[in-house]
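Descriptive analysis of the structure
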Amino acid sequence: MMRVALTGASGFVGGAVLPRLLAAGHNVRLLMRAPSDSPKPERVTIVRGDLLSRDALFELVTGVDCVVHVAGLVGARSKKQFIQVNAMGTAALADAAISAGVKRFVHVSSLAARRPEISAYAASKRAAEEELNLLRHNISTLIIRPAAVYGPGDKATLPLLRALMARVALLPGWRGSRFSMIHVDDLASVIAEAVDNPLTGLREVDDLSGGHDWAELTRIAKVHFGRPGVCVHIPYGIALAAGAAASALGFFTRQGLVFGMGKVKEMYEPSWLVEGENWPRGNPVPLLDGLPQTIRWYQQNGQLPETRVLPC
């Protein structure tokens, strides 16, 4: 049993990590900007604050054995805001952990960090990794770069699933693009295992399949749900114009939107396949099971239309 500090527990990935840490017997301390009034699980302590709250960070890490850092911005008004939270916030958390004598730091980055020039988000995730690399001699550090994460409850992938459930699927990216994916349950298990695993350095993780393409996603959806009928890939110029309009809207409304020019460039990168040694594990969730499970969850929660497969 260890004492673990966890950031991002209110988010998609962090919310899946928390129950696995508790199931492993750990005591968990959470950093939360606005804690819920609902009863918290046993062995959970909440620290009110965020990555920019120096006092909260010291309270979070004091007396813990490991920090699991999942929190971060996926949408921001500017590159400066991305850097402030994702890079400088990570550095501040690591500094606090070192000062408190914490032995282990597990950081959840993104495959986008491999291409920092492609978007402000990618640049901020790479900058966070570089900040941690400067401190690696002072604390045992593991950086996990997950591939595209999907699963029930993920708002980021819902627009894609809506497209797959349409009669005519308007899909982003190039027709021949290949990309890695990982179910949120798999990623959460990897992160929880990393707490008391001595591995350091960098690991890119996916579902161990070797990668996927758009044809596979549409084929799985059609077999299980009878949709889509036709697939059309949105031309890059049109997608980029839409991204530019979204970025301008975010600037003038001062809202941190996920979709923008940077996100379009990420989506039209021809290959997002994991590289190097993966995280060894048995029975990862295959896309053939995980994608239908995810779509059914949204259908049951009224966020995707019910469909049926017509008999041949």
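Structure: see above.
Notes on the structure in this doc start here. All values reported here derive from a predicted model rather than from experimental measurement.

Cut-offs applied
Residues numbered from 1 in each chain as written. Predicted model: local features only at pLDDT ≥ 70, side-chain atom pairs only at ≥ 80, totals over all residues. Heavy atoms only, no water. Helix = DSSP H or I, 4+ residues; strand = E, 2+ residues; numbered from the N terminus. Rg over C-alpha atoms; globule rule 2.2 N^0.38 Å. Buried < 20%, exposed > 50% of the residue type's maximum accessible area, 1.4 Å probe, protein only. Contact = heavy atoms within 4.5 Å. Pairing = 2+ DSSP bridges. Axes fitted to C-alpha atoms, helices over the stretch in contact; angles between N-to-C directions.

Let us now look at the overall build of the protein. From N to C terminus, the protein includes 10 helices and 14 strands. Expected size for 312 residues packed as a compact globule is a radius of gyration near 20 Å; at 20 Å, the protein falls within 12% of this value. Projecting the C-alpha coordinates of the protein onto the three principal axes gives extents of approximately 60 × 40 × 40 Å. Within the span of the protein, comprising 312 residues, buried residues form 47% of the whole. Put simply, 76% of the contacts in the protein that link residues at least 6 apart link residues at least 24 apart.

The next point concerns the sheet that holds strand β2 (residues 27–32). Pairing is parallel across the open sheet formed by seven strands, whose spatial order is β3-β2-β1-β4-β5-β6-β11. Two strands close off the open sheet at either side, each with one partner strand: β3 (44–48) and β11 (201–205). Ignoring strand direction, the axes of neighbouring strands in this sheet form an average angle of 20 degrees. Examined bridge by bridge, strand β1 (residues 3–7) and strand β4 (residues 66–69) share four bridges and lie parallel to one another. In the sheet register, L6 faces β4, and the bridge partner there is V68. Each of β1, β2, β3 and β4 is contacted by helix α2 (residues 54–61), which is oriented at about 170 degrees to β2, the strand it contacts most. Lying over the sheet, helix α4 (residues 120–135) contacts β5 (104–108) and β6 (140–146), oriented at roughly 165 degrees with respect to β6.

Right, let's talk about the environment of V264 for a bit. Take V264: it is sitting in helix α9 (residues 261–267). Judged by relative accessible area, V264 falls into the buried class, the value being 0%. Remark: the alpha-carbon pair of V264 and Y236, spanning 28 residues in sequence, is separated by 8.2 Å. Non-local contacts of V264, meaning those with residues more than four positions away in its chain, are made with Y236, A239, L240, G243 and F259.

Our next topic: helix α6 (residues 184–194). Of all the 11 residues making up α6, eight are buried; the element is thus mostly covered by neighbouring parts of the structure. Every buried residue of α6 is listed here: V184, D186, L187, A188, V190, I191, A192 and A194.

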